[in-house]
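# Residue-level structure breakdown
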Amino acid sequence: MPIWLDGLLAGAGLAIALIVFEYLAITREVAERSKRVAKKVDWDSNQKSRMRGMINFGLMLPIGGAIGAWWVWG
């Protein structure tokens, strides 16, 4: 398997894990806030921004992993 593909797959796996953990953290915060105010609460602008930033980072991470692996081991 080409080394850049190893880096791409490693970056993709890491990106998926980071996005899932960030989503779980945000939903936990929303649930706690919803329980505190005793009604359903949606994501606020800060949480939407955090998730958007994590998704953008997650999209760039596999590309960076492929380039980094190719540069270091290729």
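A few points on the structure. (Residues numbered from 1 in each chain as written. Predicted model: local features only at pLDDT ≥ 70, side-chain atom pairs only at ≥ 80, totals over all residues. Heavy atoms only, no water.)

### A look at the packing of helix α1 (residues 3-37) against helix α2 (residues 45-73)
For the pair α1 and α2, interaxial distance at closest approach is 7 Å and the crossing angle is 165°. Between α1 and α2, the angle is such that the two are roughly antiparallel. Along this stretch, α1 crosses α2, giving a crossing that reads as right-handed. Residues belonging to the contact of α1 with α2 are distributed by class as follows: 23 nonpolar, five polar and four charged. (Axes fitted to C-alpha atoms, helices over the stretch in contact; angles between N-to-C directions. Helix = DSSP H or I, 4+ residues; strand = E, 2+ residues; numbered from the N terminus. Parallel < 35°, antiparallel > 145°, perpendicular 65-115°, else oblique. Left-handed = near helix turned anticlockwise from the far one by under 90°. Nonpolar A, V, L, I, M, F, W, Y, C, P; charged D, E, K, R; others polar.)

### Side note on the packing of aromatic side chains
The tally for this structure, following the rule as stated, stands at one aromatic pair. A ring pair is formed by Tyr23 and Trp43, whose centres lie 5.8 Å apart and whose planes are at 45°; its orientation type is tilted. Taken together, the positions of Tyr23 in helix α1 and Trp43 in the loop between α1 and α2 put the pair 20 residues apart, joining distant regions of the chain. Overall, the relative accessible area of 42% leaves Tyr23 in the partly exposed class. Under the relative-accessibility criterion, Trp43 is labelled partly exposed at 26%. (Phe/Tyr/Trp six-rings, centres within 6.5 Å; stacked < 30°, edge-to-face > 60°. Buried < 20%, exposed > 50% of the residue type's maximum accessible area, 1.4 Å probe, protein only.)

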